[in-house]
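# Architecture at a glance
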Amino acid sequence: MVLGLRTQQLLREPLNHFLLAGLALFALEFWRGERVDPASRTVEVSEAQIDQLTANWMQTWHRAPTPAELDGIIQDQIREEVYYREAKRLGLDQDDLIIRRRLRTKMEALEDASADALEPSDAELQSMIDRNPARYAEGARISFDQIFLSTGNGTAERARLSACESAASLGQPAPLSRQFEAADSADIDAQFGEGFTARLVKLPLGEWSGPVQSGLGNHLVLVHTIVASAPPKLDQIRTRVENDWRADARLRKRDAGFKTLLSAYTVRIAKLK
């Protein structure tokens, strides 16, 4: 009776389902007598691989491996390769969310590598500054009030403001001041999240606007004044602008690469009833 219960518990384990399926597959192949491609049963450990394994060891242990240790490293590499091939042969890589996401990350990394090889011209970098001077301006100061909405769109708060209700009584609690006087752009982004200053400078002066998104959620914002500093010079902020340019280039390359791959596919999406 105890043995029967134990057997039932083992059969419920998903991993055991895979193992049983694998054993069944091996049995079927043996019974059918199918020939296996010899190349798929050949494991070669090249000199370049041994050099890389040795380099990895030295990076961890700060010394060269002994002959016995090197042999152990190579044997472990062989074990990994055999398990990898047999796992693929059994289809264990199919419908595995972690593997799918890892492979997607590798494909995106290929696109990123091609983008990182590009070099921007001065004209391209200057264009980025011209499109968003507030992001790169040093010392721009903004005076504004804010009402934290969390996830709301501010409709109720706008109605109460129109009824001349005090802004101090509206919104949700937040670890932020409601009023900012001549706040530095860098300090604003430090409190609200990267890019919040860039959104503020696009708002009209003297009226409540929003919702404006920050790293915390949504806000209604009343901008009083914006005092811009002198236009930034490329030579002074080249590294920062280049980093932004490369981030944009990676996104563009990913999108372009994906569209190229997608063009070879037919996509059908089921219609919901």
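Just above, that's the structure.
Residues numbered from 1 in each chain as written. Predicted model: local features only at pLDDT ≥ 70, side-chain atom pairs only at ≥ 80, totals over all residues. Heavy atoms only, no water.

### Observations concerning the packing of helix 6 (residues 122–131) against helix 11 (residues 234–262)
One way to put it is that helix 6 packs onto helix 11 with a least axis distance of 9 Å and a crossing angle of 90°. As judged from the angle between their axes, helix 6 and helix 11 are roughly perpendicular. Across the interface between the two elements, Asp122, Glu124, Leu125, Gln126, Met128 and Ile129 of helix 6 pack against Leu234, Ile237, Arg238, Val241, Glu242, Asp244, Trp245 and Asp248 of helix 11. Grouping the constituent residues of the contact of helix 6 with helix 11 by class yields 7 nonpolar, 1 polar and 6 charged. (Axes fitted to C-alpha atoms, helices over the stretch in contact; angles between N-to-C directions. Helix = DSSP H or I, 4+ residues; strand = E, 2+ residues; numbered from the N terminus. Parallel < 35°, antiparallel > 145°, perpendicular 65-115°, else oblique. Contact = heavy atoms within 4.5 Å. Nonpolar A, V, L, I, M, F, W, Y, C, P; charged D, E, K, R; others polar.)

### What about the nonpolar core?
Generally speaking, nonpolar side chains in soluble globular proteins are found buried as a group. Ranked by internal contacts, the top residues of the largest apolar core, which has 13 residues, are Phe144, Ile188, Phe192, Phe196, Leu200 and Val221. Elements with a contribution of two residues or more to this core: strand 1 (141–150), strand 2 (179–184), helix 9 (185–192), helix 10 (196–200) and strand 4 (218–227). (Core = buried A, V, L, I, M, F, W, Y, C linked by side-chain atoms within 4.5 Å. Buried < 20%, exposed > 50% of the residue type's maximum accessible area, 1.4 Å probe, protein only.)

### So, the pairing of strand 1
For strand 1, the buried fraction is high: 8 of the 10 residues fall into the buried class. As paired elements, strand 1 and strand 2 share 4 bridges and run antiparallel to each other. Looking across to strand 2, one finds that Ile142 is bridged to Ala183. Where strand 1 and strand 4 come together, 9 bridges link them in antiparallel fashion. Looking at the pairing, Asp145 lines up with Leu222 of strand 4. (Pairing = 2+ DSSP bridges.)

### Structural notes on the side chain of Asp244
Position of Asp244 relative to the elements: it lies in helix 11. The contact partners of Asp244, leaving out residues within four places of it in the chain, are Met128, Arg135 and Tyr136.

### Regarding a nonpolar patch on the surface
Together, Phe258, Leu262, Tyr265, Val267 and Ile269 make up a nonpolar patch on the protein surface, roughly 600 Å² of accessible area in all. Position of Val267 relative to the elements: it lies in the segment after helix 11. (Patch = residues over 30% accessible without salt bridge, like charges linked within 9 Å, V, L, I, M, F, W, Y side chains within 5 Å. Areas by Shrake-Rupley, 256 points an atom, 1.4 Å probe, with all protein chains shown as cover. Salt bridge = Lys/Arg side-chain N within 4 Å of Asp/Glu carboxyl O.)

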